[in-house]
Amino acid sequence: MAFAPSLAVRAPQRVSLTTLLRTITARAGFIPGWPRWKRRLRQIPAGTRGGRVRCPPRRFSAGWAQEQQRQQPIDKCLTDVSATTALPRWVCCDSSGVQDVLYMQQALHMAREAFDCGEVPVGAVLVAVSEGGVATVLAAARNGVEGRHDATAHAEMECIRSACAQLGNWRLNRRGSAAADAVPWRTILYSTLEPCAMCLSALQLARVTELVYGARDMRLGAVESYMRLLQHAPPHPFHKLERVRGGVLAAESAALLRGFFRQRRRASIAEMDI
């Protein structure tokens, strides 16, 4: 017995426009809502459905957390190095040095002078220690970028310039201008903020023996925060820092910087209201 073929027509399935767009973009490998220049696609082996896959979101990249912290206001990027756990192996974080605390207090005094002058409150002190253990303050300086209209007038740079002019020698690891009369000694630079790449390179060029700093600088710090110049850069051919220590009076240094930038933001908001 033969049956007649059914002439019934199946009703078309109703699909919403949103579902259709999602299906098309998923097969093409696009990310919905992204502009064309942001459609970062990556080829995958042949035979895989769609031929392309989405790149992982940027928030899962290795440097995303550091980039987000770098984009915060500068006073939010100041941390106490003594409160951190993962520190580079060349950074000592012992806060029991009475001598380091004493000279760091002098550097904080210079930073407060910079605060009163409208400069970013960063201070530095350079100390020379003879073979007999006698310490002498060679120079003390503060930040002077705004007053001198000089981008290189950081506290560390001003301290190095003053000490070199006083000793008559650009090599700060020896006393005396003539090579025959030079007496070796140790020089220690105390800075309230982690030095940038310029200041850290100048310390090595000037043959400074040790570095002691207070608060970390997540934006420009070249020791361990923004970059690790002492670890990743090739070693200096003639001189290297024998010891680097961070976190000495870091809370006081960070509080002074936060107060300065908080006051500056309030002043700018008041000007906008006027």
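Scroll up a little and you will see the structure.
Note that this is a predicted model, so its numbers are computed, not measured. (Residues numbered from 1 in each chain as written. Predicted model: local features only at pLDDT ≥ 70, side-chain atom pairs only at ≥ 80, totals over all residues. Heavy atoms only, no water.)

Once that is clear, we can look at the packing of aromatic side chains. Applying the stated criterion across every chain, the model contains 3 aromatic pairs. Ring plane angle 35 degrees and centroid distance 5.5 Å describe the contact between Tyr 103 and Tyr 190, whose orientation is recorded as tilted. Of this pair, Tyr 103 sits in helix α3 (residues 98-116) while Tyr 190 sits in strand β9 (residues 186-193), placing them 87 residues apart in sequence. Tyr 103 gets classed as buried once you look at its relative accessible area, which sits at 9%. Ring centres of Phe 260 and Phe 261 lie 5.2 Å apart, and the angle between their planes is 80 degrees; on these two criteria the pair is classed as edge-to-face. By relative accessible area, Phe 260 is classed as buried at 6%. Every member of this aromatic cluster is reached through a ring pair, and the members are Phe 115, Phe 260 and Phe 261. (Phe/Tyr/Trp six-rings, centres within 6.5 Å; stacked < 30°, edge-to-face > 60°. Helix = DSSP H or I, 4+ residues; strand = E, 2+ residues; numbered from the N terminus. Buried < 20%, exposed > 50% of the residue type's maximum accessible area, 1.4 Å probe, protein only.)

Moving on, we get to helix α6 (residues 197-205). Looking at α6, one finds that the buried residues are Cys 199, Leu 200, Ala 202, Leu 203 and Gln 204. Contacts from the buried residues of α6 go to α5 (155-167), β9, β10 (210-217) and α7 (229-232). Count one or two residues on from α6 and you reach Arg 207, which has phi positive near 65 degrees. (Contact = heavy atoms within 4.5 Å.)

On to the pairing of strand β6 (residues 135-142). Two strands pair when backbone bridges link them, and strand β5 (residues 123-129) and β6 are joined in this way by 7 bridges, in the antiparallel orientation. If you follow Val 129 over to β6, its bridge partner there is Ala 135. With antiparallel pairing between neighbouring strands as the criterion, β5 and β6 make up a hairpin whose turn holds 5 residues, including Gly 133 at a positive phi of roughly 90 degrees. (Pairing = 2+ DSSP bridges.)

With their axes 9 Å apart at the nearest point, α5 and α6 run at an angle of 25 degrees to one another. Judged by the inter-axis angle, α5 sits roughly parallel to α6. Note that α5 runs across α6; the crossing there is left-handed. Across from Glu 156, Met 157 and Ile 160 in α5, the residues of α6 making contact are Met 198, Cys 199, Ala 202 and Leu 203. (Axes fitted to C-alpha atoms, helices over the stretch in contact; angles between N-to-C directions. Parallel < 35°, antiparallel > 145°, perpendicular 65-115°, else oblique. Left-handed = near helix turned anticlockwise from the far one by under 90°.)

Inspection of every chain in the model, using the stated rule, returns 7 salt bridges. One salt bridge in this structure joins Glu 158 and Arg 148, with 2.5 Å as the shortest N-O distance. Placement of the pair is Glu 158 in helix α5 and Arg 148 in helix α4 (residues 145-148), with a sequence separation of 10 residues. Across the pair Arg 243 and Glu 210 runs a salt bridge, and its minimum N-O distance is 3.1 Å. Of this pair, Arg 243 sits in strand β11 (residues 243-246) while Glu 210 is found in strand β10, placing the two residues 33 residues apart along the sequence. A relative accessible area of 8% means that Glu 210 is categorised as buried. The network of salt bridges with shared partners includes Asp 100, Arg 186, Glu 210, Arg 243 and Arg 245. (Salt bridge = Lys/Arg side-chain N within 4 Å of Asp/Glu carboxyl O.)

Glancing now at unusual backbone geometry. Its identity as a non-glycine residue notwithstanding, His 149 has a phi of 55 degrees, on the positive side. The exposure class assigned to His 149 is exposed, which follows from its relative accessible area of 73%.

On their own, these measurements won't tell you what the molecule is for.
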